[in-house]
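Secondary and tertiary structure notes
Given next are the chains, with one letter for each unit.
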Amino acid sequence: MNPRTARACFAGWLALLTGIYYAWPATHLYSWAAIGLSGVAAIVLGVRVHRPAQRLPWYLIAAALLFFVSGDTIYYAQVTLGLDAPFPGPADVLYVLVYPLLAGGLVLFVRARSGDRNRAALLDALVPTVSLGLLSWVYLIAPYTRDTELSLAEKAVSVAYPLGDVLALAILLRVLTSPGGKPAAVRLLSLSIVGVLVSDVMYGLARLGNGWAVGGPVDLGWIVLYGAAGLAALHPSMTWLTRDATAGDAPPTVGGRRLALLTLAALIAPGVLLAEHLAGEVVDAPVIAAGSAVLVLLVMARVGGLLEEQRRAHHRERALRRATAALAGAATGDDVRAAVRTAIATIMPPGEAYTLVTGEPVPLGDASTMELGVSLVPADPAVAGFPYVLQAAMVVPGPPPARAVVRLSAPAATLRAVRPAVQALFAQVGLVVERIALAGEISRRDGEAYFRTLIQSASDVILIVGDEDEIRYASPSAGPVLGRPDLTGSPLIRLVADTHHDELAALLVRARAGNRDGTDLTVVCADRRLLQVECIARDLRDDPTVRGLVLTVRDVTERRRLENDLAHQAFHDGLTGLANRALFRDRLEQAFAAAVSAGTELGVLFVDLDDFKEVNDTLGHAVGDQLLVAVARRIAQAIGPRDTAARMGGDEFAVLVAEASDAHAAEGVAARIVAALGSPVEVSDGLGGSHVVSGAASVGLATGRDADSPTELLRHADLALYLAKGAGKATWQRYRSDLDTAMVERLALRTALHEAVEDRQFVLKYQPIVELPSGTVTGVEALIRWQHPERGLLGPYHFIELAEESGAIVGIGAWVLREALRQFAEWHAGAPAAPLRYVSVNVSARQFRQPGFVDQVREALADTGAAPEWLLLEITESLVLRDVEQVWADLEELRALGVRIAIDDFGTGYSSLSYLRQIPVDVLKIDKSFIDDILAGTQQRALVDAIVTLARHLELAVVAEGIEHEEQRVVLAAMGCPYGQGYLFAEPLWPAEITAGARPGVPA
């Protein structure tokens, strides 16, 4: 029998019994017992059929009905048998027990539904309960308490009935104020409680008026109790009352009807007070006042709860807005999960303990389905920490999309409170996931279009090759690169030159073995051109979109040609085309090892051009470069076909004479090179003119038998070159073991030179410059000497060349300038009227070209207190003929200061006399080589006379250097040369030997 039929049968049966009860009063005992027991049986049957989660509440209600009908049956039996029914009697005991049983069942329903206390629902239930309790007190309970004819037991039982009704009413209202819809079973159960309450109230009023009679309309309320309770138990929705509703309950809300009922209940107390006032006597004022106070407190507590809930809702709303803003910036699945964690932390009430677990994403299959939304489900407290969790599933974007479950554990009330906010959050999560997925799809499609365009426009040829080495696809670039747009279907091997078939086969084997590498191949174009290509293979046979080997073919013909050119440039000199230092060293090491192994001779020659610096300084670097090219060509022609010529840098060359039978072979090569370079070289100046310059060079020779390593062999050749330079140049010299000692001494002297600058080991001597006609000392030339701690006083020829090479000349020159000015200022302070007018200081070209030289002179004058006209700076001809604009500008600036400029050793350089008209100088110093032959050679005398005459017309002073004989002085004076210096007048003197008025030959 289905539940609906059972309910219909029960309703019909109950209607029949009710008809019998009212139609045949004599059957009251039996018909009433049948009605009550039918209700009890219906409840028991409903429990057995529907199997609710908790059966005890229903059994308690069934017990309450059983006690009720048992009490009625006892009462009717006493009446039927004509016995007195005592009050209170056994029936009253059963009646009173009905209310605790009924209340117990309803309380269990509340606990089963709510799981914990629902403060708002309890307050909503207490307000009408207190109001109706007040009515019950005033109209039902108070009359009994004031009745003096009733005994204490009678009063207690009489009061127990309305109190039980109030208790049942309170719990019923608690059931009804629970949030959520009310199914039929709840409505029927509520109807049964209302029926018994109505009948009890009418019964109490009737007894107060002595108008009670069995079988009247009051009994209908109790019949409703039995019938509605039985129908409620038989209805399938009866399980709702004991089902855990915490998963679906929402926070209680105050609707319009509930608010109206609460308002009406709150007005009962003042209504009762008004009724008693209108009746003429206010009897229950204290009770009414107490009830009103309780109602006010309940209402204020409810309002406080609403305000607190509103505050929490506002907090959740703000947190939800912030969480939504954070989600808006999410771009990946990790971003979404991080934003969800942050949002949950914001949504949860401050200080509330909770646990948030984000499960690992599980990929979704094509046919996978998942239930989205937020649900409150039971959990294991030992695992989650709380009995309930708020569970939500979300889709994590990505390739492929995945499902992730988020579990939020917290107290059930907190979970129910934040559930709407969490639902709204995950609704936003769904939108964000859809946005990310859409953006990813758009990006994927754009990427596909982008890469499709790249493939079609790429210069590389992309081939897909099947298992039979047949081309299944060729990118459009195959046409312009290979001239073969129709490669599809053709064997790959036909594309590659015969010489590279093996390399191609090996590449394919490695690719199918999982190795991703490449190799260089030669392919044959459609027009039979050969291209050198770089081919890289990848195995994509497992990729369903490819299913083959992918070959990327790139034309590297020009790149390989460029690499070869760069490799040649890396090992050859860019100017001369000879091997460079790196290639020469590599070949030397190989030849040295071969010579040691074979017992043959090996020779190394170092070639250095003589006076190449003068060519660069006077004619410029362009002419110097042409000279180097010509020298390289002559060296290459002078050596054998198996020998190696290299340019080591600057004007230095090297020759490797390999596999020589003996040392004489290398000596023959050295002699041929010296002879070949001895002839002058004609080079163009790039302006239509030409110059004949000397390409003479010195050669140093060393053989492998003199050395134990290639490095030592090179060093020996360098020492031999040093010996050749010292032997007069334009010659060759062979290495000798004693050269090591000389070189060691040279290196030691070079090292000591730097220490000498720091330790101030230099001193100055001064050679007088006199007026030739009178012999008056008008100036002095400062000459440097080195007070060596071991070798004594050294002249400049011992160290000036080394100072120029190492750069120490700059520091030395600066010291000489300051010391000479200081000494001259001291002399002048001692004899300010003396004819000694200036000090002459030599300046090297390297020192003059240092940035800031003019400022250095200016600072030296200021620091020593010397006047600019006291200083004469001596420079070389080569300085003023190189970097003309800058040098001349500096000279003009020095002359503007008052410093005079002299050209030292005039006539020994490559300059033209026409330059004298333009060069900003004041003094010419004729070199000693002209003075030595002035007495014996008429041509030399005429040349000196011409220089003196030209200088006089150009208003330049002339100083003749190296005068050693009186006859030379007389001749020079007769020519009109105003000044001179030399040993005839005085050797270089110490400062203490110089006085302002010293006469020649008479030092102070």
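A quick note: this is a predicted structure, and the numbers were derived from the prediction, not measured.

Let us now look at the overall build of the protein. The number of helices and strands found in the protein is 32 helices and 26 strands. Burial statistics for the protein: of 1004 residues in total, 45% are counted as buried. Within the protein, counting contacts between residues at least 6 apart in sequence, those at least 24 apart form 65% of the total.

It is at 9 Å that the axes of helix α1 (residues 3–23) and helix α2 (residues 28–50) come closest, and there the two elements cross at 170 degrees. Between α1 and α2, the interaxial angle falls into the category roughly antiparallel. Where α1 approaches α2, its residues Pro3, Phe10, Trp13, Leu14, Leu17, Thr18, Ile20 and Tyr21 are matched on the opposing element by His28, Ser31, Trp32, Ala34, Ile35, Ser38, Gly39, Ala42 and His50. When its residues are assigned to classes, the contact of α1 with α2 shows eleven nonpolar, six polar and no charged.

Ordered by their spatial adjacency, five strands build an open sheet running β7-β6-β10-β9-β8, and the pairing between neighbours is antiparallel. With partners counted over all chains shown, the strands left at the sheet margins are β7 (471–474) and β8 (518–524), one partner each. Neighbour-to-neighbour, the strand axes of this sheet turn through a mean angle of 30 degrees, independent of strand direction. Taken together, the five bridges between strand β6 (residues 461–465) and strand β10 (residues 548–555) define a ladder with antiparallel strand orientation. Each bridged residue has a counterpart across the sheet, and for valine 461 the counterpart in β10 is valine 553. Where helix α16 (residues 501–512) meets the sheet, it contacts β8, β9 (530–540) and β10, and its direction lies at approximately 140 degrees from that of β8. Against the sheet, helix α17 (residues 557–570) contacts β8, β9 and β10, and its axis sits at roughly 115 degrees relative to β9.

Moving on, we come to the nonpolar core. In this structure, Leu873 and Leu972 are the most contacted members of the largest nonpolar core, which totals 79 residues. If one sorts the elements of this core by residue count, helix α25 (residues 809–830) sits on top with eleven residues. The next biggest cluster of nonpolar side chains, apart from the first, holds 54 residues, and it includes Val40, Tyr95, Val98 and Ala229.

Quick look at the packing of aromatic side chains now. For the coordinates displayed, the defined rule picks out twelve aromatic pairs. Note on phenylalanine 762 and tryptophan 786: the rings are 5.9 Å apart at their centroids and 40 degrees apart in plane angle, and the pair reads as tilted. In this pair, phenylalanine 762 sits in strand β18 (residues 762–771) while tryptophan 786 sits in strand β19 (residues 777–788), placing the two residues 24 residues apart along the sequence. Taking 5.0 Å as the distance between ring centres and 70 degrees as the angle between the ring planes, the aromatic pair formed by tyrosine 766 and tryptophan 827 counts as edge-to-face. One end of the pair, tyrosine 766, is in strand β18; the other, tryptophan 827, is in helix α25, with 61 residues separating them in the sequence. There is no split in this pair, since tyrosine 766 and tryptophan 827 are both buried. Site record: aromatic cluster; members linked through ring pairs are Tyr21, Tyr22, Trp32, Phe68, Trp222 and Tyr226.

Glancing now at the confidence of the model for the protein. Confidence along the protein averages 81 in pLDDT terms, with 84% of residues attaining 70 or more. Per-residue pLDDT, averaged within each element of the protein, yields its smallest value for helix α5 (residues 119–146) (65) and its largest for strand β26 (residues 979–980) (96). Here residues 366–370 scores under 50 on pLDDT; set against residues more than four positions off or in separate chains, the count is five contacts.

Attention now moves to a nonpolar patch on the surface. Residues Val44, Leu56 and Tyr59 make up a contiguous nonpolar surface patch of roughly 240 Å² in combined accessible area. Position of tyrosine 59 relative to the elements: it lies in helix α3 (residues 56–80).

Looking now at the pattern of salt bridges. The tally for this structure, following the rule as stated, stands at 28 salt bridges. Of the charged contacts, one joins arginine 541 and aspartate 539 as a salt bridge, the two residues approaching to 2.9 Å between their closest N and O atoms. The class for arginine 541 is partly exposed, based on a relative accessible area of 31%. Several salt bridges share partner residues, and in doing so they unite Asp520, Glu534, Arg559 and Arg560 into one network.

The next subject is the packing of α1 against helix α8 (residues 219–234). Here α1 crosses α8 at 165 degrees, and the two axes come no closer than 10 Å. Judged by the angle between their axes, α1 and α8 are roughly antiparallel. For α1 against α8, the interelement crossing comes out right-handed. Every residue of α8 that contacts α1 at Pro3, Ala6, Arg7, Phe10, Ala11, Leu14, Thr18, Tyr21 and Tyr22 is listed here: Asp219, Leu220, Ile223, Tyr226, Gly227, Gly230, Leu231 and Leu234. Of the residues belonging to the contact of α1 with α8, the class tally is twelve nonpolar, three polar and two charged.

With glycine set apart, most residues show a phi of negative sign, and most peptide bonds adopt trans. Phi angles above zero are rare outside glycine, and arginine 528 is one such case at about 70 degrees. For arginine 528, the position within the fold is in the loop between β8 and β9. Positive phi outside glycine occurs at aspartate 905, with the angle close to 55 degrees. Here aspartate 905 shows up in strand β23 (residues 900–906).

Glancing now at helix α12 (residues 333–347). With 15 residues, α12 ought to run about 21 Å at 1.5 Å a step, and its terminal C-alpha atoms sit 21 Å apart, in line with that. Burial in α12 covers these residues: Gly333, Val336, Arg337, Ala339, Val340, Ala343, Ile344 and Ile347. One side of α12 holds all its buried residues, which, seen down the axis, span an arc of 160 degrees.

For the rest of this paragraph, the subject is the pairing of β9. In terms of strand pairing, β8 meets β9 through seven bridges, oriented antiparallel. Looking at β9, one finds that aspartate 520 is bridged to glutamate 534. Adjacent in sequence and paired antiparallel, β8 and β9 are bridged by five residues, among which arginine 528 carries a positive phi angle near 70 degrees. In the sheet, β9 pairs with β10 via eight bridges, with the strands oriented antiparallel. Looking across to β10, one finds that glutamate 534 is bridged to arginine 554.

So, about the side chain of lysine 925. Counting through the fold element by element, lysine 925 comes out in strand β24 (residues 923–926). Of note is the side chain of lysine 925, whose polar atom sits 2.6 Å from the side chain of glutamate 874. One polar contact links lysine 925 to glutamine 981, side chain to side chain, over a distance of 2.8 Å.

Here the focus is the pairing of strand β22 (residues 871–875). Every regular strand shows the same layout, with side chains that alternate between the two sheet faces. In terms of burial, β22 is largely enclosed, as five of its five residues are buried. Both faces of β22 are covered, namely the face carrying Leu871, Leu873 and Ile875 and the face carrying Leu872 and Glu874. Here strand β21 (residues 838–842) pairs with β22 via four bridges, running parallel. For valine 839, the partnering residue across the bridge sits in β22 and is leucine 871.

Rules behind the numbers
Residues numbered from 1 in each chain as written. Predicted model: local features only at pLDDT ≥ 70, side-chain atom pairs only at ≥ 80, totals over all residues. Heavy atoms only, no water. Helix = DSSP H or I, 4+ residues; strand = E, 2+ residues; numbered from the N terminus. Buried < 20%, exposed > 50% of the residue type's maximum accessible area, 1.4 Å probe, protein only. Contact = heavy atoms within 4.5 Å. Axes fitted to C-alpha atoms, helices over the stretch in contact; angles between N-to-C directions. Parallel < 35°, antiparallel > 145°, perpendicular 65-115°, else oblique. Nonpolar A, V, L, I, M, F, W, Y, C, P; charged D, E, K, R; others polar. Pairing = 2+ DSSP bridges. Core = buried A, V, L, I, M, F, W, Y, C linked by side-chain atoms within 4.5 Å. Phe/Tyr/Trp six-rings, centres within 6.5 Å; stacked < 30°, edge-to-face > 60°. pLDDT = per-residue confidence, 0-100. Patch = residues over 30% accessible without salt bridge, like charges linked within 9 Å, V, L, I, M, F, W, Y side chains within 5 Å. Areas by Shrake-Rupley, 256 points an atom, 1.4 Å probe, with all protein chains shown as cover. Salt bridge = Lys/Arg side-chain N within 4 Å of Asp/Glu carboxyl O. Left-handed = near helix turned anticlockwise from the far one by under 90°. Expected span 1.5 Å × (residues − 1). Arc of directions from axis to C-beta. Polar contact = N/O pair within 3.5 Å; in protein donor to acceptor, adjacent residues only side chain to side chain.

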